[in-house]
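Read off the chains here:
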Amino acid sequence: MIASPLLRQIAGYINGQWTAADQPATTPVHNRATGEHLADVPVMGEAETLRAIAAAVAAMENTPSVADRRVWLTRIAEQLLAHKQELGRIITLEHGKPWKEGMGEVEYAAGFYRYAAEHLDILEAHTLPETIRGCRWTIHHRPAGVAGLITPWNFPLAMLAKKLSAALGAGCASVTKPATLTPLTAIAFWSLLDEIGLPPGMVNLVMGQSGPIGRTLCAHPAVRVISFTGSTEVGQKLMEQVAPYVKRLALELGGNAPFIVFADADLPAAADALIANKFRAGGQTCVCTNRVYVERPVLEQFVALTAARVRKLKVGNGLAPDTDIGPLINRAAFDKVAAHVRDALAQGATRVVGDDPSRPANDWGAFYPPTVLTGMTPAMLVCREETFGPVVAITSFVDETELARAANATASGLAAYVFARNEQRAARLITRLQFGHVGWNTGNGPTPAAPFGGMKFSGFGREGGTEGLLEFCETQTVAQR
Ligand code: NAP
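A. Summary view of the overall build of the protein. Scanning the protein from terminus to terminus reveals 15 helices and 22 strands. For a compact globule of 481 residues, the expected C-alpha radius of gyration is about 23 Å, and the protein comes in at 23 Å, within 12% of that figure. With the C-alpha coordinates aligned to their principal axes, the bounding extent of the protein is approximately 65 × 60 × 40 Å. Here the protein holds 481 residues, and 58% of them are scored as buried. Sequence separation of 24 or more characterises 75% of the internal contacts of the protein that already satisfy a separation of 6 or more. Surface summary for the protein: the accessible area is close to 18600 Å², and the carbon and sulfur share equals 53%. If the 44 positive side-chain charges of the protein are averaged to one point and the 44 negative ones to another, these points end up 3 Å apart.

B. A look at the pairing of strand β15 (residues 371-374). Here β15 shows a buried face lined by Thr371 and Leu373 and a second buried face lined by Val372 and Thr374. Inspection of the sheet shows β15 paired to strand β16 (residues 391-397) by 4 bridges, in the parallel sense. Paired with threonine 371 across the bridge in β16 is valine 391.

C. Representation of the sheet that holds β15. Taking strand neighbours across the sheet as the criterion, the 7 strands line up as β14-β15-β16-β13-β12-β18-β19 in an open arrangement whose pairing is mixed. Only two strands of the sheet have a single partner each, and these edge strands are β14 (350-353) and β19 (437-440). In this sheet, adjacent strand axes meet at a mean angle of 25° when their direction is disregarded. Bridge analysis of strand β18 (residues 415-419) against β19 gives 4 bridges, and the strand direction is parallel. Looking at β19, one finds that valine 418 is bridged to tryptophan 440.

D. Inspection of the site of the ligand at higher detail. In the vicinity of the ligand there are 29 residues, among which Thr151, Thr180, Ser231, Leu253 and Glu386 approach most closely. Between the ligand and serine 231 there is a distance of 2.6 Å, counted from an oxygen atom to a side-chain nitrogen or oxygen. Against a free-state accessible area of 900 Å², the protein chains account for coverage of 86% of the ligand. Counting residues per element, the ones that place at least two in the shell around the ligand are α7 (210-219), β10 (223-229) and α8 (232-242). Grouping the amino acids of the shell around the ligand by side-chain chemistry returns 14 nonpolar, 11 polar and 4 charged.

E. Representation of the sheet that holds strand β5 (residues 126-127). Across the sheet, which stays open at both edges, the 3 strands sit in the order β5-β6-β22 with antiparallel pairing between neighbours. Among the strands making up the open sheet, the edge pair consists of β5 and β22 (473-480). In terms of strand pairing, β5 meets strand β6 (residues 136-143) through 2 bridges, oriented antiparallel. Bridge pairing links threonine 127 to threonine 138 in β6.

F. Here's a closer look at the environment of phenylalanine 452. Among the secondary structure elements, phenylalanine 452 is positioned in the loop between β19 and β20 (455-456). Phenylalanine 452 sits in the buried class, given a relative accessible area of 4%. It is 26 Å that separates the C-alpha atoms of phenylalanine 452 and aspartate 324, two residues lying 128 residues apart in sequence. Discounting chain neighbours no more than four positions away, the residues touching phenylalanine 452 are Lys162, Glu252, Val287, Leu414, His437, Pro446, Gly461, Arg462 and Glu463.

G. Representation of the nonpolar core. Leu80, Leu164 and Phe189 are the most contacted members of the largest nonpolar core, which totals 85 residues. It is helix α5 (residues 158-170) that provides the largest number of residues to this core, a total of 9 residues. With near-sequence residues (within four places) excluded, phenylalanine 189 lies in contact with Ile76, Leu80, Leu87, Tyr113, Leu157, Leu160 and Leu164.

H. Up close: the packing of helix α2 (residues 66-82) against helix α6 (residues 183-193). Between α2 and α6, the shortest axis-to-axis distance is 10 Å and the interhelical angle comes to 125°. Considering the angle they form, α2 stands oblique to α6. For the pair α2 and α6, the crossing hand works out as right-handed. Here Ile76, Gln79 and Leu80 of α2 come into contact with α6, specifically with Phe189, Leu192 and Leu193. Of the residues in the contact of α2 with α6, the class split is 5 nonpolar, 1 polar and no charged.

I. Examining the pattern of salt bridges more closely. Scanning the entire structure with this criterion turns up 16 salt bridges. Between aspartate 272 and arginine 309 there is a salt bridge whose closest N-O contact spans 2.6 Å. Separated by 37 residues along the polypeptide, aspartate 272 in helix α9 (residues 267-279) and arginine 309 in helix α10 (residues 299-311) bring together distant segments of the chain. Across the pair aspartate 356 and arginine 351 runs a salt bridge, and its minimum N-O distance is 3.1 Å. On the accessibility criterion, aspartate 356 (58% relative accessible area) is exposed. Connected through salt bridges with shared partners, the residues Glu295, Glu400, Arg425 and Arg428 form a single ionic network.

J. The arrangement of the pairing of strand β11 (residues 248-252) in detail. By the criterion of burial, β11 is predominantly enclosed, with 4 of the 5 residues buried. When β10 meets β11, the two strands line up parallel, connected through 5 bridges. The residue bridging threonine 229 from the neighbouring strand is glutamate 252, located in β11. Where β11 and strand β21 (residues 459-460) come together, 2 bridges link them in antiparallel fashion. The residue of β21 that forms the bridge with glutamate 252 is glycine 459.

K. Looking closely at α2. In a regular helix each residue adds 1.5 Å, so 17 residues correspond to 24 Å; α2 covers 24 Å between its end C-alpha atoms and thus fits that length. Arg69, Trp72, Leu73, Ile76, Ala77 and Leu80 are the residues of α2 that are buried. Here the buried residues of α2 occupy an arc of 135° about the axis, which is enough to place them on one side. Its buried side turned inward, α2 meets α3 (84-95), α4 (99-118), α5 and α6.

L. Summary view of the state of the cysteines. Applying the stated rule across the entire model yields 0 disulfides. With no disulfide partner, cysteine 473 has as its closest neighbouring cysteine sulfur the one in cysteine 172, 6.6 Å distant.

Cut-off values and rules
- Residues numbered from 1 in each chain as written.
- Predicted model: local features only at pLDDT ≥ 70, side-chain atom pairs only at ≥ 80, totals over all residues.
- Heavy atoms only, no water.
- Helix = DSSP H or I, 4+ residues; strand = E, 2+ residues; numbered from the N terminus.
- Rg over C-alpha atoms; globule rule 2.2 N^0.38 Å.
- Buried < 20%, exposed > 50% of the residue type's maximum accessible area, 1.4 Å probe, protein only.
- Contact = heavy atoms within 4.5 Å.
- Areas by Shrake-Rupley, 256 points an atom, 1.4 Å probe, with all protein chains shown as cover.
- Lys, Arg positive; Asp, Glu negative; His and termini not counted.
- Charge placed at Lys NZ, Arg CZ, Asp CG, Glu CD.
- Pairing = 2+ DSSP bridges.
- Axes fitted to C-alpha atoms, helices over the stretch in contact; angles between N-to-C directions.
- Near = heavy atom within 4 Å.
- Polar contact = N/O pair within 3.5 Å; in protein donor to acceptor, adjacent residues only side chain to side chain.
- Nonpolar A, V, L, I, M, F, W, Y, C, P; charged D, E, K, R; others polar.
- Core = buried A, V, L, I, M, F, W, Y, C linked by side-chain atoms within 4.5 Å.
- Parallel < 35°, antiparallel > 145°, perpendicular 65-115°, else oblique.
- Left-handed = near helix turned anticlockwise from the far one by under 90°.
- Salt bridge = Lys/Arg side-chain N within 4 Å of Asp/Glu carboxyl O.
- Expected span 1.5 Å × (residues − 1).
- Arc of directions from axis to C-beta.
- Disulfide = S-S within 2.5 Å.

What follows is the structure, given as structure tokens:
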């Protein structure tokens, strides 16, 4: 069992109290690298979610002042940074990513709370300079109502931070449901929230049956915003479920990012960026590169630079200081990656780095060797679907128009990367790319200060920046005579 000062209780949190589930069933959480049993978490459902919503409704009866919200957000950022090591360790244990990445995630999460604390002035009411139809016109940003926050396992702290910082900043009480695979990070984080001085009911945590919890959040009239990060399939289900209730929905869904290298690019820098971008969290990020397009004259050179770097990556237990890549989240993830590689090889791809690993016997220890494939074609799964694993699939291009068409030939529209020294050429391509985030000579993903989100099947709504705060606000215009 895990011993942590941040996990003295393994429970949900409703109305300012640690709360057990109504029934005794639990779900085990395992160390992703070793299989060690870490904890048993409660399985909650509709009844607990209804109580959490009721507590949130009561908390919103008095809208918290902007000054209070600023203090809370600042304290949360401070608490996160003060517990960076331990939170990072918990992330590593239940997710598998290297500890240095776990700690990086804590810093990243803290940035969202700090950013929100520093930008609440954008929510202040403003009055139009002109008198229209004899009236003074004032625009207010009101808290939209109770927020339902549903988060994935791949960034158990950061994906929540994007939502909760904005919800709290906007003055919305919330009910959070973390992923069943990684609930301990959320519980540990709530032990810090418990110390912040928030009103009871302002931040509630339920976990367990995703279907009933999701349906209850979607159907309850007091829940006015659902913010979800996860798979496109579940996002579509939530769209159906909220439709009868006409409520706000923000969907951060899957990606299938192209990484484009023009012949004039700084090739070693592009290869470094590819490695950092592709192998973060073992390739299990929504913004990580899925398809690499290299201009034909530099294909061999770029493949060699990439392969040399990938061969140096160390796979292992995330707690070991020299680990670059931990295990995949579970055996299903391993099977998906293995199937993508098998499919590519069967369709004529060449494996430049990597070999066939043995299938894990359990849901943990799903180590997959970092792999480089060349000869990717549009028919291959590695090109059509998000692989979500440590596989780089490369092809070449000749014509810029064909390239733009190939890059956009996916239902997803989350992130894309372009490497070129010729600015005009890169800028021209970027205007044609249907992706919400574009890295230009960088593999950098989102940052707290900038809006981030998808196009097409990658969802809608933005997180980060002032746009992220406004997702949790209703605009109210008052015409006063
Ligand atoms: P998932 O299976 O869709 O799960 C995400 C969350 O939704 C989990 O908390 C899950 O709970 C919950 N859920 C599952 N079924 C539900 C339902 N019927 N109603 C309500 N909630 C439900 O996705 P995942 O496998 O955790 O995450 C990986 C995906 O997220 C990838 O596609 C990745 O690209 C995407 N992602 C996108 C972004 C972005 O910003 N666009 C960021 C990170 C990840 P349980 O765990 O209990 O099933």
